[in-house]
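# A closer look at the structure
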Amino acid sequence: MKQEKTSKETLEKWHQDPNNLVMGIFYFNREDPRIFPPKRIAMLGWTVNFANPYSVAILLALLTIAVLAASFKG
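Throughout what follows, the structure given in this document is the object of discussion.

### What to know about helix α2 (residues 53-73)
End to end, α2 covers 30 Å across 21 residues, agreeing with the expected 30 Å (1.5 Å per residue, within 8%). Capping the start of α2 is the job of one residue whose side-chain oxygen sits 3.0 Å from the backbone nitrogen of Y54: N52.

Have a look at this one:
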């Protein structure tokens, strides 16, 4: 089953919708397939789509690597 590509207009609409922000800072949109969508102010980089299970798994993996690296450094 092939998934249709989401239009740029739809992505922008989701991006600007304040209902997709939990507590005003956490992006949560089950319809958005992106793992790391851009932040509302593009110059600030990317954020995590917490509704996407892959993005949460990747975030946890990166945090685990960072903690392990910090613990072996000293």
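### What to know about the layout of surface pockets
Here the largest pocket defines a volume of roughly 160 Å³. Considering the residues around the largest pocket, the lining is formed by H15, L21, G24, I25, Y27, P38, K39, R40, I41, L44 and T47. Residue classes in the lining of the largest pocket are distributed as 6 nonpolar, 3 polar and 2 charged.

### Some thoughts on a nonpolar patch on the surface
Nonpolar side chains collect at one region of the surface, where V22, M23, I25, F26, F28 and F50 lie side by side and expose about 560 Å² of accessible area between them. Residue class for F50 comes out partly exposed when judged on its relative accessible area of 30%.

### Focus on the pattern of salt bridges
Evaluation of the coordinates by the stated rule reveals 1 salt bridge. Residue R34 is joined to D32 by a salt bridge in which the shortest nitrogen-to-oxygen separation is 2.8 Å. Residue D32 is classed as buried on the basis of its relative accessible area of 2%.

### Describing the packing of aromatic side chains
Under the counting rule described, the total for this entry stands at 1 aromatic pair. Consider the rings of F26 and F50, whose centres lie 5.5 Å apart with planes at 85°: the pair is edge-to-face. Residue F26 is found in strand β2 (residues 26-27), and its partner F50 is found in the loop between β2 and α2; the two are separated by 24 residues along the sequence.

### Observations concerning the side chain of T47
Tracing the chain through its elements places T47 in the loop between β2 and α2. Judged by its relative accessible area of 17%, T47 is buried. For T47, the residues in contact, after removing those within four places along its chain, are Y27, I35, F36, P37, P38 and K39.

### Some details on the side chain of H15
Looking at the element boundaries, H15 is found in helix α1 (residues 8-16). Other than its neighbours up to four places away in sequence, H15 contacts Y27, P38, K39 and R40.

Here is what the cut-offs are and how they apply
- Residues numbered from 1 in each chain as written.
- Predicted model: local features only at pLDDT ≥ 70, side-chain atom pairs only at ≥ 80, totals over all residues.
- Heavy atoms only, no water.
- Helix = DSSP H or I, 4+ residues; strand = E, 2+ residues; numbered from the N terminus.
- Expected span 1.5 Å × (residues − 1).
- Polar contact = N/O pair within 3.5 Å; in protein donor to acceptor, adjacent residues only side chain to side chain.
- 1 Å grid on protein atoms, 1.4 Å probe; cavity = no way out; pocket = protein on both sides within 12 Å on 5 of 7 lines; lining within 4 Å.
- Points joined across faces, edges and corners; volume = space filled by probe spheres on them.
- Nonpolar A, V, L, I, M, F, W, Y, C, P; charged D, E, K, R; others polar.
- Patch = residues over 30% accessible without salt bridge, like charges linked within 9 Å, V, L, I, M, F, W, Y side chains within 5 Å.
- Areas by Shrake-Rupley, 256 points an atom, 1.4 Å probe, with all protein chains shown as cover.
- Salt bridge = Lys/Arg side-chain N within 4 Å of Asp/Glu carboxyl O.
- Buried < 20%, exposed > 50% of the residue type's maximum accessible area, 1.4 Å probe, protein only.
- Phe/Tyr/Trp six-rings, centres within 6.5 Å; stacked < 30°, edge-to-face > 60°.
- Contact = heavy atoms within 4.5 Å.

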